[in-house]
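Chains, contacts and geometry: an overview
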Amino acid sequence: MAERGLEPSPAAVAALPPEVRAQLAELELELSEGDITQKGYEKKRARLLSPYSPQTQETDSTGQKDRNQTPAPTAAQTSAPSKYHRTRSGGARDERYRSDIHTEAVQAALAKHKEQKMALPMPTKRRSTFVQSPADACTPPDTSSASEDEGSLRRQAALSAALQQSLQNAESWINRSIQGSSTSSSASSTLSHGEVKGTSGSLADVFANTRIENVSAPPDVTATTSSSSSSSLRPANIDLPPSGIVKGMHKGSNRSSLMDTADGVPVNSRVSTKIQQLLSTLKRPKRPPLKEFFVDDSEEIVEGIPQPDPNQPKPEGRQMTPVKGEPLGVICNWPPALESALQRWGSTQAKCPCLTGLDMSGKPVYTLTYGKLWSRSLKLAYTLLNKLGTKNEPVLKPGDRVALVYPNNDPVMFMVAFYGCLLAEVIPVPIEVPLTRKDAGGQQIGFLLGSCGIALALTSEICLKGLPKTQNGEIVQFKGWPRLKWVVTDSKYLSKPPKDWQPHIAPAGTEPAYIEYKTSKEGSVMGVTVSRLAMLSHCQALSQACNYSEGEAVVNVLDFKKDAGLWHGMFANVMNKMHTISVPYSVMKTCPLSWVQRVHAHKAKVALVKCRDLHWAMMAHRDQRDVSLSSLRMLIVTDGANPWSVSSCDAFLSLFQSHGLRPEAICPCATSAEAMTVAIRRPGVPGAPLPGRAILSMNGLSYGVIRVNTEDKNSALTVQDVGHVMPGGMMCIVKPDGLPQLCKTDEIGEICVSSRTGGMMYFGLAGVTKNTFEVIPVASSGSPVGDVPFIRSGLLGFVGPGSLVFVVGKMDGLLMVSGRRHNADDIVATGLAVESIKTVYRGRHTGLLAVPQTCQARAYLSTFPLSVPSARNPLPPDLRVARVLTSFRIAVFSVSVFYDERIVVVAEQRPDASEEDSFQWMSRVLQAIDSIHQVGVYCLALVPANTLPKTPLGGIHISQTKQLFLEGSLHPCNILMCPHTCVTNLPKPRQKQPGVGPASVMVGNLVAGKRIAQAAGRDLGQIEENDLVRKHQFLAEILQWRAQATPDHVLFMLLNAKGTTVCTASCLQLHKRAERIASVLGDKGHLNAGDNVVLLYPPGIELIAAFYGCLYAGCIPVTVRPPHAQNLTATLPTVRMIVDVSKAACILTTQTLMRLLKSREAAAAVDVKTWPTIIDTDDLPRKRLPQLYKPPTPEMLAYLDFSVSTTGMLTGVKMSHSAVNALCRAIKLQCELYSSRQIAICLDPYCGLGFALWCLCSVYSGHQSVLIPPLELENNLFLWLATVNQYKIRDTFCSYSVMELCTKGLGSQVEVLKTRGINLSCIRTCVVVAEERPRITLQQSFSKLFKDIGLSPRAVSTTFGSRVNVAICLQGTSGPDPTTVYVDLKSLRHDRVRLVERGAPQSLLLSESGKILPGVKVVIVNPETKGPVGDSHLGEIWVNSPHTASGYYTIYDSETLQADHFNTRLSFGDAAQTLWARTGYLGFVRRTELTAATGERHDALYVVGALDETLELRGLRYHPIDIETSVSRVHRSIAECAVFTWTNLLVVVVELCGSEQEALDLVPLVTNVVLEEHYLIVGVVVVVDPGVIPINSRGEKQRMHLRDSFLADQLDPIYVAYNM
């Protein structure tokens, strides 16, 4: 509570007047409920305390000093008993789910853990709107987000409003941190929870997390990608290498030296520390895994089926025999039907009270007599049958179903409507009042109404007015509901029947009487149909078991529309002419003692309650001491089947025994919708011994056997009996799954009942009905036991000594995990037994419980095996009373993940709980459940208070909660995933064996009869060319020749965002401009031939002219992307690095960029004084070069190609003149490019094939290139497609970024494209330039989207190139279409290729990466043995071609590296000793049935992924794109995803494009899908803003850069979850 300012000490509170203390307590409740804001709370509180401020201040200071010394509250502080004190104390529990023995056991188990406590890494959470505001008092504002990044600034602005109330300036923050001594959660302190931080620690935390940007830090990619326009499209892409990493090799060799310092990240990075903590926790010895490991070496996966533990306890008793109840007595005056009873009492005892309703204050407001009930029911029956339609076409006929929609505070109207339906022989279906269109479970209720054929709903006038209406005043159409006609049943709207009209009351038969709805475990709603005979028989059985007599008063606190509230309060009372006083739920909330007061006032003999009502009465009993319960002969506890109800009954008895309550009056019972009342404890005789309790082993229960707990008292379950079988009934216990086989006497099973008193069917569900209502038990041999059908009750239990029935759980709450059964209620109880006062929200109401303080009290509660309170063995006097919370606010359910059920715990978090309190509670709950139940929790989530879907009476709607969890709509505020603990059925990690393995031949060892996996394009030597271009060896010569031969032929057209031509270049214009630039290089730059020149230009013709100017001058051009003016800090260091690495003697650029390079902003990012000579080419002198440079040999260097790889490495390769010529020639031949052709290029022109297409090919082939800078496309999405249409272009080239931009941006605007007249039927080839596996999904989406405007699906294809050879494959104009294959993902992880059919599980669709270019040969090689592999085997792609690069251009120029990558030979199988270049990509070659242009069968090359990027996990090879594809599918709000590993942990980064509330929803979904589809456990899930994942110009993710930014804590994540 420290965060609320200065708290008065207990002494100060005690000194305040009683009325002030009462007001303070109410204020506390209002705050915890969310009824008042923090600000309003502080204001009102200050006003209350202001008259007493001097003494309060004085005591506060001492209290504060004490708190600083001892942060934990003392016992004195926590108790503070007071008549008015309603705040939650340290010992708070949810009593309904609590047992004192169990609580003691949980605390003992946690005590063990304290000794070996480990510092678990807390999740990192950005302070944001989705965090509950009162908790922010312990977290300083994260100034790290206040960078120059525009995205961050926008984020700051958006959050400032939400944080305004709670965040103050830095000074007050530091003060509050010192006073509160709380650990910052957004700073994610790594201290273990047990440590105490002093003042200096808090200050250090505040300053440690105020990040100071350092110039020498790696460039921040987060700023890059989020800095552009505020649109939803991804901003301009920028290539970013990590600073200082310049390599032309695989990353393995150099990075090993960095591992000591967390892979290049300073060791004090908080992320690194947290991951180290996580690794430490994962190193702990885990529970031995079950024997469900499977070896993933076979063709088919073997599911992990739990094998039975040979040491597990097994049932040893004999087979049980069905147990019979006492015979149902035959009494002569029992009516033949329930309606006859009503007619009898309504006629003869008209003035006797039947039902009393209460107002909101708990006072009787109206009493319905039997006469009134009879007359009104008659009127309603007559109206329903005769007045709703015409005489010939009545709306209702006998046997039709009608809905009864009445609120829980109107029992009188409901009773009249129910009996009116019975008299009219129509079938009532009582349901809850719908409050909104999206009520929890409302759609399923609608399904029930529809399946019952209901078209009419009865309701009261008041209720009808309260239903949600449309603007026209009509009742809204509820989701999933049929159209209903609403009929008001208030007396004034009913017609009086004629005197000669009488209802038809036949003797009770098997015809349906009413339908009671029931929600299943999965959330579906079914209607249990009860016959008139069953309704009557059930009333008779209840009357006999409870010994009901005429005139008795019954107080009913239950829902009168269903279950025991209906059976006792509406049926049995009419049968026996009793008087029911109905206490609605709403009254109980405002006046918890109201039912006790009604018992006292009416001298009631019977009360119908739940454990909840016992607590509420205990809470308020001090407010009124003069109540007497001596009249009660039966206190029926209807949820006595709950195994934790024993504690509630004991506590209530101990408190109210002094008020006349007799121990033998407490009568637990067990009920279910199908079997109705299963068993009830009969009212006892005063002085007779009470039934005993069973203390059972939880371990035994998990295996379904009954074992008295003798060893570990920490895992014991105490249960009380629920009495005997109902009169006239028979009970047996059958196995809960499979055949209904009778259990043994020491075995837990499902309780089945055979009697006339149960339901008859699920309405309209014949199949399910047979399995539930017509069960014939079988013996162990399989033969049926008798021919009497039984009804499954859905309750789990056993029959104990003396035929007493014990219930230990419900089928709906059964969790089958790894072959063991766990009860959801048991796990809830364990969670609540952990000290959760600061964390778990449990609703507004408080109650009382008995907490045993001494050994005597504890011994009493754990007496073995049965313990009976009596005169000799009374309740110990020291069972003290403590105040607790009672509303049930924890949900437990299981989800199916990876071939087993996994336990999920969801709790509501108190509004004022701090992050650290919550995390500590979650950690302790995990430990407690693990110790008590020996089962791991898969996910533990905390959600804001009052946000879980509720049942009509305030409980948690479990199935709806589960559905929200699975679909990612739960919106937790804290989450802890523990897959490492509970997922024990993963496949065994692969261990690579030398030589031949059992299931396949090892890659790289050729098998006899296998074709070597190689392929080649057409042979350049055999292709005849009549073109004069072949005479020239150098590109510069070709340009000069074209300037003379075709001077006016336009080679280039540059377009702007409006689609207008801003610049053109003919052959002569380009030649002359190049000459001038060459002249300037000599005059101004004083450069010599062979000097390197950096070309820093935006995409355009200037760049092309500068390139040829360098060739004319004999210089080596290096094209570099210019820095982003708005983001120099991130982009300029890359430029600087390339300038330094390439040893450039000069920079050619524009005036604008030259000013930018020398600006003050640039000086903040790099050293601007050491730039080489910078020459701007905007105003060139008209001076010709005296002589153009001609290289002595074609092997001389033409240009340097620098690029940042996807692994974040900056690599420069050398391209010779002969390679340039060969490249242009191969592209010309493949694409059939001639002078008359026109192509459109929408690519970045700085490296790879994009540069070659933009700058080189047009000059070589003479075709016209229409240049579209990709940046312009962001301003006008129509630009590219409109240009293609305008110029009727047949061949166009783009990147994946451009394709994605069009697909996402124009997806909904195809009609607009049509109206603009855009037609793409002219396109022959649309080629995506890429250095990765083809993105088939994106290509297919693009093709499908634009097929309506003429795009042929055959047109879209892809290229493949790498650093060593920029163009290996290109589809071109001739040859067969690209082929596709489906491969098995599991085999791929083992470096094997197995082709499967479409639709096969775990299959991956791969597409051919275009046709191999002329002159290119490829071979597939084992990267380790360097031996060739067979056809359709996976290996590294090696290439041999005349346009392969000459080598890497690096600082160190390592000869061994050059030889390994560019001039390497096969270890065997190649007599010609060909020199190959290694691409670094994995792929395979497959011979197809198609025919190539040469007439031979076509060999297709399939690229799988980059070797550098693969993740080695569990001995298998994973490709990041496969995991990312799975993750991207799981939630609509995931915009992008990237994965990488760090110290064998898989880290998944997802971009959230939705609300920040959804951030934590993604954590379990991501963990689930990766586990299900890839058999991997995610270590860390990072949720970030859109645009944070760095993407290069080709649209490829830079995962290593992302990884470095994450470890250096530069991502400003929304949330980081460390899976335990």
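Analysis parameters
- Residues numbered from 1 in each chain as written.
- Predicted model: local features only at pLDDT ≥ 70, side-chain atom pairs only at ≥ 80, totals over all residues.
- Heavy atoms only, no water.
- Helix = DSSP H or I, 4+ residues; strand = E, 2+ residues; numbered from the N terminus.
- Buried < 20%, exposed > 50% of the residue type's maximum accessible area, 1.4 Å probe, protein only.
- Contact = heavy atoms within 4.5 Å.
- Areas by Shrake-Rupley, 256 points an atom, 1.4 Å probe, with all protein chains shown as cover.
- Polar contact = N/O pair within 3.5 Å; in protein donor to acceptor, adjacent residues only side chain to side chain.
- Pairing = 2+ DSSP bridges.
- Right-handed = clockwise from strand over helix to strand, strands pointing away.
- Axes fitted to C-alpha atoms, helices over the stretch in contact; angles between N-to-C directions.
- Parallel < 35°, antiparallel > 145°, perpendicular 65-115°, else oblique.
- Expected span 1.5 Å × (residues − 1).
- Phe/Tyr/Trp six-rings, centres within 6.5 Å; stacked < 30°, edge-to-face > 60°.
- Lys NZ or Arg CZ within 6 Å of the ring centre and 35° of its normal.
- Core = buried A, V, L, I, M, F, W, Y, C linked by side-chain atoms within 4.5 Å.
- Patch = residues over 30% accessible without salt bridge, like charges linked within 9 Å, V, L, I, M, F, W, Y side chains within 5 Å.
- Salt bridge = Lys/Arg side-chain N within 4 Å of Asp/Glu carboxyl O.
- Lys, Arg positive; Asp, Glu negative; His and termini not counted.
- Charge placed at Lys NZ, Arg CZ, Asp CG, Glu CD.
- 1 Å grid on protein atoms, 1.4 Å probe; cavity = no way out; pocket = protein on both sides within 12 Å on 5 of 7 lines; lining within 4 Å.
- Points joined across faces, edges and corners; volume = space filled by probe spheres on them.
- Left-handed = near helix turned anticlockwise from the far one by under 90°.
- Nonpolar A, V, L, I, M, F, W, Y, C, P; charged D, E, K, R; others polar.
- pLDDT = per-residue confidence, 0-100.

1. Considerations on the overall build of the protein chain
- Per the secondary structure count, the protein chain includes 48 helices and 61 strands.
- The burial tally for the protein chain puts 61% of its 1620 residues in the buried class.
- Pairs at least 24 residues apart make up 78% of the contacts formed inside the protein chain by residues separated by at least 6 positions.
- As displayed, the protein chain offers around 61,600 Å² of accessible surface, 53% of which is attributable to carbon and sulfur atoms.

2. Thoughts on the side chain of His 957
- Secondary-structure assignment places His 957 in the loop between strand 31 (937–944) and helix 29 (958–967).
- Using a relative accessible area of 8% as the deciding quantity, one classes His 957 as buried.
- Of the polar contacts made by the side chain of His 957, one reaches the backbone nitrogen of Gln 960; its length is 3.3 Å.
- If we skip the residues at most four places from it in the chain, His 957 touches Ala 440, Gly 441, Thr 519, Pro 949, Lys 950 and Thr 951.

3. Side note on the pairing of strand 6 (residues 427–431)
- Most of strand 6 sits out of view: 5 of its 5 residues are buried.
- Across the two faces of strand 6 the burial is the same, with Ile 427, Val 429 and Ile 431 and Pro 428 and Pro 430 all buried.
- Of the pairings in the sheet, the one linking strand 5 (residues 401–405) to strand 6 comprises 5 bridges and is parallel in character. Within strand 6, the residue paired with Ala 403 across the bridge is Val 429.
- Remark: the strand 5/helix 15 (residues 411–424)/strand 6 crossover connection has right-handed handedness.

4. Overview of the packing of helix 18 (residues 532–546) against helix 19 (residues 563–575)
- Two numbers describe how helix 18 lies on helix 19: the axes approach to 9 Å, and their chain directions differ by 85 degrees. Classed by the angle they form, the pair helix 18 and helix 19 counts as roughly perpendicular. Between helix 18, through Met 535, Leu 536, His 538, Cys 539, Gln 540, Leu 542, Ser 543 and Cys 546, and helix 19, the contact on the second element is made entirely by Trp 567, His 568, Phe 571, Ala 572 and Met 575.

5. Regarding the environment of Cys 649
- Within the secondary structure, Cys 649 is located in helix 23 (residues 645–656).
- The buried category is assigned to Cys 649, whose relative accessible area is 3%.
- When near neighbours in sequence (up to four residues on either side) are disregarded, Cys 649 contacts Leu 614, Val 637, Ile 666 and Gln 720.

6. As for helix 47 (residues 1562–1574)
- Helix length check: helix 47, at 13 residues, gives a terminal C-alpha distance of 17 Å against a target of 18 Å (1.5 Å per residue), a fit within 8%.
- Within helix 47, 11 of the 13 residues are buried, which leaves it mostly tucked inside the rest of the structure.
- What helix 47 keeps buried is the set Leu 1562, Val 1563, Pro 1564, Leu 1565, Val 1566, Thr 1567, Asn 1568, Val 1569, Val 1570, Leu 1571 and His 1574.
- Backbone geometry just downstream of helix 47 places Tyr 1575 in the positive-phi region, at approximately 60 degrees.

7. Section: the packing of aromatic side chains
- This structure, assessed with the given rule, holds 28 aromatic pairs.
- Each ring, one from Trp 595 and one from Phe 652, has its centre 5.8 Å from the other, and the planes form 25 degrees; the classification is stacked. Of this pair, Trp 595 sits in helix 21 (residues 594–602) while Phe 652 is found in helix 23, placing the two residues 57 residues apart along the sequence. Across this residue pair, the class does not change: Trp 595 and Phe 652 are buried.
- Between Phe 652 and Phe 656 the ring centres are 4.5 Å apart and the planes differ by 25 degrees, which places this aromatic pair in the stacked class. Separated by 4 residues within a single helix, Phe 652 and Phe 656 lie in helix 23, roughly one turn from each other.
- Taken together, the ring pairs connect Tyr 406, Phe 414, Phe 418, Tyr 419, Tyr 514, Phe 560 and Phe 571 into an aromatic cluster.
- In this structure, Arg 1316 is placed above the aromatic ring of Phe 1278, and the distance from its NZ or CZ to the ring centre is 3.9 Å.

8. Describing the nonpolar core
- If you look at the biggest cluster of nonpolar residues, it comprises 91 residues, and the most contacted ones within it are Tyr 1108, Leu 1148 and Leu 1256.
- Other than its neighbours up to four places away in sequence, Leu 1256 contacts Leu 1035, Phe 1107, Tyr 1108, Tyr 1199, Val 1220, Cys 1224 and Phe 1251.
- One finds Ala 341, Ala 508, Met 570 and Cys 667 within the second-largest nonpolar core, a separate group that totals 74 residues.

9. Some details on the sheet that holds strand 48 (residues 1380–1384)
- If you trace the 3 strands from one edge of the open sheet to the other, you get 49-48-50, paired in antiparallel fashion. Each of the sheet's edge strands pairs with one partner strand only, and the pair in question is strand 49 (1395–1396) and strand 50 (1403–1407).
- The pairing of strand 48 with strand 50 spans 5 bridges and is classified as antiparallel. Residue Val 1383 lies in a different strand from strand 50, and its bridge partner there is Leu 1404.

10. Describing a positive patch on the surface
- A surface patch of positive charge is lined by Lys 39, Lys 43, Lys 44 and Arg 47.
- Here Lys 39 falls in the exposed class, since its relative accessible area comes to 56%.

11. Description of empty space enclosed by the protein
- Counted under the stated rule, the structure contains 15 cavities of 30 Å³ or more.
- Here the second largest cavity defines a volume of roughly 210 Å³.
- Contributing to the lining of the second largest cavity are 17 residues, with Leu 701, Arg 821, His 822, Asn 823 and Asp 826 lying nearest its centre.

12. Section: unusual backbone geometry
- Backbone geometry places Met 676, a non-glycine residue, at a positive phi of 60 degrees.
- Within the secondary structure layout, Met 676 lies in strand 16 (residues 676–680).

13. Looking at the pattern of salt bridges
- Applying the stated criterion across every chain, the model contains 48 salt bridges.
- Residue Arg 1121 pairs with Asp 1244 through a salt bridge whose shortest N-O separation is 3.1 Å. Taken together, the positions of Arg 1121 in the loop between strand 37 (1116–1120) and helix 34 (1128–1141) and Asp 1244 in the loop between strand 42 (1238–1242) and helix 38 (1248–1261) put the pair 123 residues apart, joining distant regions of the chain.
- Here Glu 1332 and Arg 1335 are joined by a salt bridge, their closest N and O atoms 3.1 Å apart.

14. Some details on the environment of Pro 972
- You can see Pro 972 is positioned in the loop between helix 29 and strand 32 (974–977).
- For the pair Pro 972 and Asp 1561, spaced 589 residues apart in sequence, the C-alpha to C-alpha distance is 6.6 Å.

15. A short note on the packing of helix 46 (residues 1520–1529) against helix 47
- Where helix 46 contacts helix 47, the axes come no closer than 9 Å and their chain directions differ by 130 degrees. Between helix 46 and helix 47, the crossing angle belongs to the class labelled oblique. The two elements helix 46 and helix 47 meet at a crossing, and its hand is right-handed. Where helix 46 approaches helix 47, its residues Asp 1522, Ile 1523, Ser 1526, Val 1527 and Arg 1529 are matched on the opposing element by Val 1566, Val 1569, Val 1570, Glu 1573 and His 1574.
- Considering only residue class, the contact of helix 46 with helix 47 consists of 5 nonpolar, 2 polar and 3 charged.

16. Focus on the sheet that holds strand 35 (residues 1061–1066)
- On the basis of which strands lie adjacent, the open sheet formed by 8 strands has the order 35-34-43-42-44-45-46-47 and mixed pairing. Each edge of the sheet is formed by a strand with only one pairing partner; in this case those strands are strand 35 and strand 47 (1369–1370).

17. Let's talk about the confidence of the model for the protein chain
- Summarising the model, the protein chain shows a mean pLDDT of 80, and 77% of its residues fall at 70 or more.
- Residue range residues 287–305 is modelled with pLDDT below 50. Its contacts to residues more than four positions away, or to other chains, number 43 contacts.
- Within the model, the stretch residues 844–888 combines pLDDT values under 50 with 141 contacts to residues more than four positions away or in other chains.

18. What to know about the side chain of Thr 671
- Along the chain, Thr 671 turns up in strand 15 (residues 666–672).
- Taking relative accessible area as the criterion, Thr 671 reaches 13% and is therefore assigned buried.
- Among the polar contacts made by the side chain of Thr 671, one reaches the side chain of Asp 563 at a distance of 3.1 Å.

19. Describing the environment of Glu 1274
- Structurally, the position occupied by Glu 1274 is in helix 39 (residues 1270–1275).
- Looking at Glu 1274, the relative accessible area reads 22%, which means it is partly exposed.

20. Brief notes about the pairing of strand 25 (residues 814–817)
- Alignment of strand 25 against strand 26 (residues 820–823), held across 4 bridges, turns out to be antiparallel. The residue of strand 26 that forms the bridge with Val 817 is Arg 820.
- Between strand 25 and strand 26, which pair antiparallel one after the other, the connecting turn spans 2 residues, and Ser 818 there sits at a positive phi close to 50 degrees.

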